[in-house]
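# Summary of structural features
Residues per chain are reported as follows:
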Amino acid sequence: MVAETKTDGAAHPLLACIDGSGYADSVADHAGWAAGRLGAPITLLQVLIPREAASDDRSGRIIAGARRQLLQQLADLDHERAKLLQAQARLDLDEAAERLTTAGVEQVTKLLRHGELIETLHALEPEAAMIVIGKRGAETGVESGSLGSNLERILRGVHRPVLIAARAFTPPSRALLAFDGRSSAMQAVDAVSRSPLFVDLPLTLAHCGKPDAAMTRRLDDAAGQLSAGGLSVETRVEEAEPQTALPAMVGRIGADLVIMGAYGHSRLRTMVIGSTTAQVIRDCKVPILVYR
């Protein structure tokens, strides 16, 4: 059964953001996989951005009858378009919910909001365990080489982990954790070591660059923490730039999930997510879990 509201006392849900893009099914599938491992419910979220109604600002000019009639027709079209978009959004939510329940997810909430996606997520994320979103949205297009604008804003604006869905879903069988020793990478290591999401999932802890003694100690400490959490972990070091080395390593070791901190920030971290993070997300063809 699909719940319209969250059950009292339930675990924090995964927020799965869907729209009319080609990633909608994949987002649902990735969320379903994560929810099954975490024992968490799913909230399917669709946000409709308000569209300005037709207007004719003529600075007090008297509007002739024909123009008034045309403006009314445009307003009626806007109203009808808004109704159709809302009906389509509800259909999208229904289809995604049916997909999840067919896959065995028991607790699914459908939530349709009007406004901006990032502001909606800011309001909802305190009660969320994770945010799931496609790499590109309806406005960007599946074949585009750019990240969706919503994704970039989410990565620099939210504080929950963000699972970025690949174009098609395959249950992950091996994960690669990109490690640069910074605070976001350490937070990722800590979260992974304690999360049931990664149980029985072999893990490669990868550092790109020439490690010094301090980095070697941090790698050893991180590997020890992951092993203490019951994970099977191997460590790899590659003396190359991470934005090129990580996507190549994904293919070489057969990883089908990348875990990384949103590293590469400058002091303007509220404006950028880091060129390394963005390029890895663009170039990797597998889902990516980003920790802040």
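Residues numbered from 1 in each chain as written. Predicted model: local features only at pLDDT ≥ 70, side-chain atom pairs only at ≥ 80, totals over all residues. Heavy atoms only, no water.

When helices and strands are tallied, the chain shows 8 helices and 10 strands. Counting every position in the chain, which comprises 292 residues, the buried fraction comes to 45%. Here the analysis covers contacts within the chain between residues at least 6 apart in sequence; of these, 80% occur between residues at least 24 apart. Of the roughly 14,800 Å² of accessible surface on the chain, a fraction of 50% belongs to carbon and sulfur atoms. (Helix = DSSP H or I, 4+ residues; strand = E, 2+ residues; numbered from the N terminus. Buried < 20%, exposed > 50% of the residue type's maximum accessible area, 1.4 Å probe, protein only. Contact = heavy atoms within 4.5 Å. Areas by Shrake-Rupley, 256 points an atom, 1.4 Å probe, with all protein chains shown as cover.)

Further remarks concern unusual backbone geometry. It is generally the case that most residues other than glycine have a negative phi and that most peptide bonds are trans. Positive phi, normally seen in glycine, also occurs at Asp200, with a value near 65°. Position of Asp200 relative to the elements: it lies in the loop between α5 (183–194) and β7 (203–208).

With 50 residues, the main nonpolar core has Leu44, Leu177, Phe179, Val192, Phe198 and Ile259 as its most contacted residues. The element contributing the most residues to this core is helix α1 (residues 24–38), with 7 residues. In contact with Phe198, not counting residues within four places along its chain, are Arg37, Val192, Leu231, Leu257, Ile259, Leu289 and Tyr291. (Core = buried A, V, L, I, M, F, W, Y, C linked by side-chain atoms within 4.5 Å.)

Time to look at α1. Here α1 spans 21 Å end to end across 15 residues, near enough to the 21 Å set by a 1.5 Å rise per residue. Among all positions in α1, only Ala24, Ser26, Val27, Ala28, His30, Ala31, Gly32, Trp33, Ala34 and Ala35 are buried. Buried residues in α1 make contact with β1 (14–17), β2 (42–48), α2 (65–102), β4 (130–134), β5 (162–165) and β9 (257–261). A positive backbone phi angle near 65° is found at Gly39, which sits one or two residues after α1. (Expected span 1.5 Å × (residues − 1).)

As a further point, take the sheet that holds strand β8 (residues 233–238). Taken in spatial order, the 10 strands make up an open sheet running β3-β2-β1-β4-β5-β10-β9-β6-β7-β8, and their pairing is mixed. Because the sheet does not close on itself, it has two edges, and the strands there are β3 (108–114) and β8. Adjacent strand axes in the sheet meet at a mean angle of 20° when their direction is disregarded. Examined bridge by bridge, strand β6 (residues 175–178) and β9 share 3 bridges and lie parallel to one another. (Pairing = 2+ DSSP bridges. Axes fitted to C-alpha atoms, helices over the stretch in contact; angles between N-to-C directions.)

Moving on, we come to the side chain of Thr120. Looking at the element boundaries, Thr120 is found in helix α3 (residues 117–124). Residue Thr120 is classed as buried on the basis of its relative accessible area of 8%. Setting aside residues no more than four positions away along its own chain, Thr120 makes contact with Leu45, Val47 and Arg113.

This part covers the pattern of salt bridges. Summed over all chains, the structure comprises 10 salt bridges. The residue Asp25 makes a salt bridge to Arg99 at a minimum N-O spacing of 3.6 Å. Of this pair, Asp25 sits in helix α1 while Arg99 sits in helix α2; the two residues are 74 residues apart in sequence, bridging distant segments of the chain. Asp25 gets classed as partly exposed once you look at its relative accessible area, which sits at 45%. (Salt bridge = Lys/Arg side-chain N within 4 Å of Asp/Glu carboxyl O.)

What follows covers the packing of aromatic side chains. Tallied over the entire structure, the rule returns 0 aromatic pairs. The residue whose ring lies beneath Arg167 is Tyr23, and the NZ or CZ to ring-centre distance is 5.6 Å. (Phe/Tyr/Trp six-rings, centres within 6.5 Å; stacked < 30°, edge-to-face > 60°. Lys NZ or Arg CZ within 6 Å of the ring centre and 35° of its normal.)

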